[in-house]
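Spelled out from the first residue to the last, the chains are:
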Amino acid sequence: MLSARTSATRLDLAALAALDAADPLAPLRGAFHLPDDVVYLDGNSLGALPKRAEQIASRVLRQEWGDGLVRSWNDAGWHRLPWRLGAKIARLVGAGEDEVIVTDSTSANLYKVLQAALSLRPGRRSIVSERENFPTDLYIAEGAARVRGERHRLRLVDSPAHIEGAIDEDCAVLLLTHVNYRDGNMLDMAALTERAHRKGALVAWDLSHSAGAVPVELVACEADFAVGCCYKYLNGGPVAPAFVFAARRLQERSEQPLSGWWGHATPFDFSPTFRAADGIARFLCGTPPVLSMAVAEAGIDLVLEATIPRLRAKSIQLTELFIELLAQECAGLGLEPVGPRDPQRRGSQVSVRHPGGYAIMRALIDRGVIGDYREPGILRFGFAPLYSRYIDAWNAVAVLKDVLQTRAWEQPHYRERHAVT
Ligand SMILES: Cc1ncc(COP(=O)(O)O)c(C=O)c1O
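A few points on the structure. (Residues numbered from 1 in each chain as written. Predicted model: local features only at pLDDT ≥ 70, side-chain atom pairs only at ≥ 80, totals over all residues.)

What follows concerns the overall build of the chain. Regarding its fold elements, the chain presents 13 helices and 15 strands. Taken against the 2.2 N^0.38 rule, which gives 22 Å for 421 residues, the C-alpha radius of gyration of the chain at 22 Å falls within 12% of a compact globule. Its C-alpha atoms give the chain principal-axis dimensions of about 70 × 55 × 40 Å. Burial status across the chain gives 46% buried among its 421 residues. In the chain, the proportion of contacts linking residues at least 24 apart, taken out of those at least 6 apart, comes to 74%. (Helix = DSSP H or I, 4+ residues; strand = E, 2+ residues; numbered from the N terminus. Rg over C-alpha atoms; globule rule 2.2 N^0.38 Å. Buried ≥ 20, exposed ≤ 12 C-beta atoms within 10 Å, placed from the backbone. Contact = placed C-beta atoms within 7 Å.)

Counting residues in hydrophobic clusters, the biggest one holds 122 residues, and the most contacted among them are Val 93, Leu 114, Val 173 and Val 203. Considering each element in turn, this core owes the most residues, nine residues, to helix H11 (residues 308-330). Dropping the residues within four chain positions of it, Val 203 is found in contact with Val 173, Leu 174, Leu 176, Leu 192, Thr 193, Ala 196, Ala 223 and Asp 224. (Core = buried A, V, L, I, M, F, W, Y, C linked by C-beta atoms within 7 Å.)

All right, on to the pairing of strand E6 (residues 153-157) then. Pairing geometry for strand E5 (residues 126-130) and E6, over five bridges, is parallel. Bridge assignment links Glu 130 to a residue of E6, and that residue is Val 157. In this fold, E5 hands off to helix H6 (residues 135-148), which returns the chain to E6; that crossover is right-handed. (Pairing = 2+ DSSP bridges. Right-handed = clockwise from strand over helix to strand, strands pointing away.)

On to the site of the ligand, then. Surveying the vicinity of the ligand reveals 13 residues, the closest of which are Ser 105, Thr 106, Ser 107, Phe 134 and Ser 208. Of all elements in the fold, only helix H5 (106-120) and H6 reach the threshold of two or more residues within the shell around the ligand. Looking at the shell around the ligand residue by residue, the class counts come to four nonpolar, seven polar and two charged. (Near = placed C-beta within 6 Å. Nonpolar A, V, L, I, M, F, W, Y, C, P; charged D, E, K, R; others polar.)

With that out of the way, let us pick up the environment of Asp 42. By the secondary structure assignment, Asp 42 is in the loop between strand E2 (39-40) and strand E3 (49-50). Remark: the alpha-carbon pair of Asp 42 and Val 350, spanning 308 residues in sequence, is separated by 11 Å. Among all residues touching Asp 42, those that are not within four sequence positions of it are Ile 370, Gly 371, Asp 372 and Gly 382.

Let us now look at unusual backbone geometry. The linkage connecting Glu 375 with the following residue, Pro 376, adopts the cis geometry, with an omega of -5°. At Asp 104, a position not held by glycine, the phi torsion is positive, near 50°. You can see Asp 104 is positioned in the loop between strand E4 (100-103) and H5. Its identity is not glycine, yet Asn 235 carries a phi of approximately 60°, on the positive side. In this fold, Asn 235 is placed in the loop between strand E9 (225-228) and strand E10 (242-246). A residue is classified by how many C-beta atoms lie within 10 Å of it, and Asn 235, with 29 of them, is buried.

Burial analysis of strand E7 (residues 171-177) places seven of its seven residues in the buried class, the great majority of the element. Across three bridges, the pairing between E5 and E7 is parallel. Looking across to E7, one finds that Ser 126 is bridged to Cys 171. The sheet contact formed by E7 and strand E8 (residues 202-206) spans five bridges and is parallel.

On their own, these measurements won't tell you what the molecule is for.
Below, the structure is given as structure tokens:
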């Protein structure tokens, strides 16, 4: 259970407001549309709307689609969007500009990189991952193993401490999510990649909870493949396509099975036979979703403007303060801390468990504090340092304390499950 905070200095609203006043990133909050009556702590699920995204959407619809019509593929640079966005994301994840491309969903991209990795390690038959990995990663890995035939399989370990021991001579690819979606635990990318390589395995990283939030150095860590979504900390919107990274040294040998025409070397030759494009472009599949991509660029640009070191520093301060506030205000109210206490091992979220977790989150959302809920009993609070404020931490904890003390969450309607939690 959460124990009471012992520090002599009591945190109060004035102290947190002073931190906001001194925050160099504070002006960037103005670049987002955020309702005044909401404390938004769910940027780890869906990032907020950048105001510029609305202008871009209107321009793409009216001028580029409306007036430009099909000419806009060339005249408005639509056909270059997967590369342009990929090059920008590359700067956020420590990759070369020719190593990242934006396309499809995280799930689809994962399928491509797993199949590419399995083909690169023909004698080996296992994909190794964590049971606590995000379910789509496990489902996709199961599917990738299934289509390869009976002797291929997905092997799962029960805790991060067991990952290294599971990498054996049969492991073709280690599939890991860098920051865990449920408890925010951040794995050591450099060390685990090195261990896998030493055993002859490749590594695919899911960066969905990392990109735009924590430092990632794919090239320095010698990562092989990576995927990630653009709708969380990159603020790309609910329609944003995902990104895929393949190390330059592997690209020409990487064969991915979703060989659509955009991944062809010369798509507009309309040849009846497939020949993979050079480089990262071979991970493309079908026609890019232009409107979604154009809109996503606004959020990515804001992350680039803020810079990862500044975002990470603020994120650590926000999550540390939130944890301290929980200890100060909510000790004895039935919350159990979940995830690493060491900020260096934590992503940009804080999770706590309570048997009434789902109903408590519904009660919080009813009062304007938006986090989310994950089984079993976990309340997630995501801090997006581009727009989260220090006073948001205070206000969220004050409302949580009230909901717990008054037992407001016990009202029966808060137990009714919504389709999306
Ligand atoms: C780690 C991780 N991977 C993948 C996804 C989702 O993948 P997709 O965009 O294909 O739905 C999520 C969604 O929250 C996630 O947390």
